[in-house]
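Working through the structure, step by step
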Amino acid sequence: MDWILVAEQALNGLQFGLMLFLLAAGLTLVFGIMDMINLAHGSLYMVGAYLAAAVMAATGSFLLAIGAALVGTAAFGMLLETTLLRRLYQRDHLSQVLATFALILIINEGVRMIWGAQPVMLNTPAALSGPVELLPGLMYPAYRLLIIGVGLAVAVLLYLLVTRTRWGMWVRAGASNRAMATAMGVNIRWLFTAVFGFGAALCALAGSLLGPLLAVQVGMGESILILAFVVIVIGGIGSIRGALVGALLVGLVDTCSRTLLPALLRQLASPEVASNLGPALASILIYVLMAAVLFWKPQGLFPARG
Amino acid sequence: MKKNPAVLCAAMLLLGMAATGQQAWAADKVKVGMLSTLSGPGAGLGVDIRDGFALGVKHLGGKFGGLPVEVVTADDQQNPDVAKQSADRLLKRDKVDFMTGIVFSNIMLAVGPSVFDAKVPYISANAGPSQYAGEQCNPYFFNIAWQNDTLHEVVGKTVMDKGFKKVVVLAPNYPAGKDAITGFKRFYKGANATIADEIYTKLGQLDYSAELAQARAAKPDAMYIFLPGGMGINFIKQFVGAGLSKDITLFGPGFSADEDVIKAVGEPMLGMFNSSQWAHDMDNAVNKKFVADFQKDYGRLPSLYASQGYDAALSMAAAVRDVKGKIEDRPALLKALKAAKFDSVRGAFKYNNNQYPVQDYYLRVITKDSQGRVTNKTLSKVFSNHADAYAASCKMKAS
């Protein structure tokens, strides 16, 4: 096990964790403040990626593609909130799950009708498509470095926004006690729409940044949504800090277990057993992590309420 | 009167028999059940099979051997439960005469028993599980594409012949993934062949950064991947982004490098070697017409899935023609299907004793063609008249 591999995996874990954070941040705000389970959160991520791909194909500009994806998805999210999801806040979680699950199916079909069943093309800008030599012998894809940079910047911005601004104060107030916040004169209705649009924009940022690495295809939001839920459960529902810590934990554990575990098992067991057992163990490890966190801290690491 | 369950059951049975008995007269049309994956991440493959089949029917003037064709389409949603229900509906309510279309082997294995019980011939336009090639081979199951292992065997042989000494192999951790690596290793072996690392990933994994770092650390000169659909798209993009394509030659089976993947990845795929029984540049009259008309009708190049759908239609038509429209004579129909008297888009084609193909396999490479499109080009023939490894254990029952 050489240090280059370990360093590269740490960067990979950081990059994956930061992308999960972008998804989990919106999800945890919506869940924490509005007490609303939005299964269609992953669909916004997919919509963002598709919008970016469409604008990229039309204009060839990556920056324009990301900008259009952010604006378009935020508008789409706010439209969903004002027309449909708003009606669900007073209902129980089961109704919310059913309604937003239906939304997943509808949005998937809609995307297929517009863009077709085949995955669409979205590639990294040519300037960033190669690797960079960080240290002698340590090569790392330039594009993943960009993702790390953007992810860190958004995390810092979001932290300042939530802890240092009036808007953030309302959000925190809404998360910890909605009734009191309303009584103190916070316009909850407007706040909810804004938070939802903001969460959608974060989704679109994750989708359009990950799009060039991953396949832009129908249903791409569902698989990553489960991880985003794991992140907010570990971090504590409604807490931005929890989402960041949870996302980095999940990112690092997932990435490292995938390489270290089979290598470790190979020292203990035959290669055949190791190659069978390693991936199976690695894929359950983040759920073991979640179970362990919930055992010691049932509210998550940084609960927003109570 | 006391209700007697046995009497009730008997009455129901009689009613049921009367209902099925009505179907006894000769067919006036051919009904084909097209059960395929038309939604979800795997939909691109099913859509190509469906479109290829539809083009075949169109080229035949909407008729198989003089009988008009009706295609009943159903979506299996890549879900074995949904597939089984849809198959039962096609078999019992729509009373189809043929079935085809399934993409994924796990779904094929779930649906197979219902189809075989109903004694409806199944022409597989993609899924080629080893079970139905070996001991569980069935007179009603025909595979017009390949057995799952064979495309991997072709690459194994190629990598061996090209003299690559150190290879990392990568596949999802599920039965077909394990089969793929088995197939590859069946022909990549010997004193000069080292498998430097064998990596299994979660099925449906999105991000391969960890595996790429692991592969880089193993310093191979070639890499073999079996990652169908979206997984392959992700992997190849990240492989190129990590700069591995400079030192490592990438190999895959045709379904990690066909039009569906190329459409989503584009230029980064240039130079990838892959195997197939078919390519759109194959030089025969049937194929030329197929490729030209597919492009005209659907605005894209056909993939191997589309070619398999097209061949499925041609083979059904040939069988209906050879039994002179008497499709209710099942033994004769099966015999005609097995004779496979049709001109395949891939050239020479025949069935083995297990009703899987004996055919030629080719090496292709992804290049830019004369019109500047990124697409596959046939390089050379790797196997001639190649049969799968399971045929010997098939004791075909009489129908």
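Residues numbered from 1 in each chain as written. Chains lettered and ligands numbered in written order. Predicted model: local features only at pLDDT ≥ 70, side-chain atom pairs only at ≥ 80, totals over all residues. Heavy atoms only, no water.

Okay, the packing of aromatic side chains next. All names here are of chain B. Enumeration over the complete set of coordinates arrives at 26 aromatic pairs over all chains. Geometrically, the ring pair formed by Phe164 and Phe251 is edge-to-face, given 5.5 Å between the ring centres and 75° between the ring planes. In this pair, Phe164 sits in the loop between helix H6 (150-161) and strand S7 (166-172) while Phe251 sits in strand S10 (residues 249-253), placing the two residues 87 residues apart along the sequence. Here the basic side chain of Lys178 rests over the ring of Tyr200, its NZ or CZ set 4.8 Å away from the ring centre. (Phe/Tyr/Trp six-rings, centres within 6.5 Å; stacked < 30°, edge-to-face > 60°. Helix = DSSP H or I, 4+ residues; strand = E, 2+ residues; numbered from the N terminus. Lys NZ or Arg CZ within 6 Å of the ring centre and 35° of its normal.)

Attention now goes to the pattern of salt bridges. Residues and elements named next belong to chain B. Summed over the entire model, instances satisfying the criterion amount to 24 salt bridges over all chains. One salt bridge connects Asp149 with Arg186, and the closest N-O pair in it is separated by 3.3 Å. A residue pair is termed long-range when its members are at least 10 positions apart, and Asp149 in the loop between strand S6 (141-143) and H6 and Arg186 in helix H7 (residues 175-187) qualify at 37 residues. Taking the relative accessible area as the measure of exposure, Asp149 reaches 0% and is therefore buried. We note a salt bridge from Asp360 to Lys381, for which the minimum N-O separation is 3.1 Å. Of this pair, Asp360 sits in strand S13 (residues 357-368) while Lys381 is found in strand S14 (residues 374-386), placing the two residues 21 residues apart along the sequence. What makes Asp360 buried here is its relative accessible area of 15%. (Salt bridge = Lys/Arg side-chain N within 4 Å of Asp/Glu carboxyl O. Buried < 20%, exposed > 50% of the residue type's maximum accessible area, 1.4 Å probe, protein only.)

Looking now at the interface of chain B and chain A. The partner chain A presents 39 residues to the 42 residues of chain B that form the contact. Both faces considered, chain B and chain A share a buried interface measuring about 3,200 Å² in area, 50% of it formed by carbon and sulfur atoms. Measuring nitrogen to oxygen at the nearest pair gives 2.9 Å for the salt bridge that ties A:Arg258 to B:Glu211. Applying the counting rule to chain B against chain A returns 13 residue pairs in polar contact (both at pLDDT 80 or more). Looking at the side of chain B that touches chain A, the elements with two or more residues in it are helix H2 (43-59), strand S8 (194-201), helix H8 (209-218), helix H9 (230-241) and helix H10 (259-265) of chain B. For the side of chain B that touches chain A, the class distribution of residues is 16 nonpolar, 13 polar and 13 charged. (Contact = heavy atoms within 4.5 Å. Buried area = accessible area lost by both parts, 1.4 Å probe. Polar contact = N/O pair within 3.5 Å; in protein donor to acceptor, adjacent residues only side chain to side chain. Nonpolar A, V, L, I, M, F, W, Y, C, P; charged D, E, K, R; others polar.)

Right, let's talk about a nonpolar patch on the surface for a bit. Residues and elements named next belong to chain A. On the surface, Ile226, Val273, Leu277, Leu281, Ile284, Tyr287 and Val288 cluster together to form a nonpolar patch covering roughly 560 Å² of accessible area. Tallying contributions element by element places helix H11 (residues 271-296) first for the nonpolar patch, with 6 residues. If you trace the backbone, Val288 turns up in helix H11. Overall, Val288 belongs to the partly exposed group, its relative accessible area being 45%. (Patch = residues over 30% accessible without salt bridge, like charges linked within 9 Å, V, L, I, M, F, W, Y side chains within 5 Å. Areas by Shrake-Rupley, 256 points an atom, 1.4 Å probe, with all protein chains shown as cover.)

For the rest of this paragraph, the subject is the confidence of the model for chain B. Detailed reading of the predicted model is not advised wherever pLDDT is low. Residues and elements named next belong to chain B. Mean pLDDT for chain B: 89, with 93% of residues reaching 70 or above. The low-confidence segment residues 12-25, where pLDDT is below 50, has 1 contact with residues more than four positions distant or belonging to other chains. Two numbers describe this predicted complex: its pTM, 0.80, and its ipTM, 0.78. (pLDDT = per-residue confidence, 0-100.)

All names here are of chain B. Ordered in space as S2-S3-S1-S4-S5-S6, the 6 strands form an open sheet in which the pairing is mixed. Among the strands making up the open sheet, the edge pair consists of strand S2 (63-64) and S6. Here strand S5 (residues 122-124) runs beside S6; their pairing, made up of 3 bridges, is parallel. Note on S6: the bridge partner recorded for Ser124 is Asn143. Sheet strands touched by helix H13 (residues 330-339): strand S4 (98-100), S5 and S6. Its angle to S6, the strand with the most contacts, is close to 15°. (Pairing = 2+ DSSP bridges. Axes fitted to C-alpha atoms, helices over the stretch in contact; angles between N-to-C directions.)

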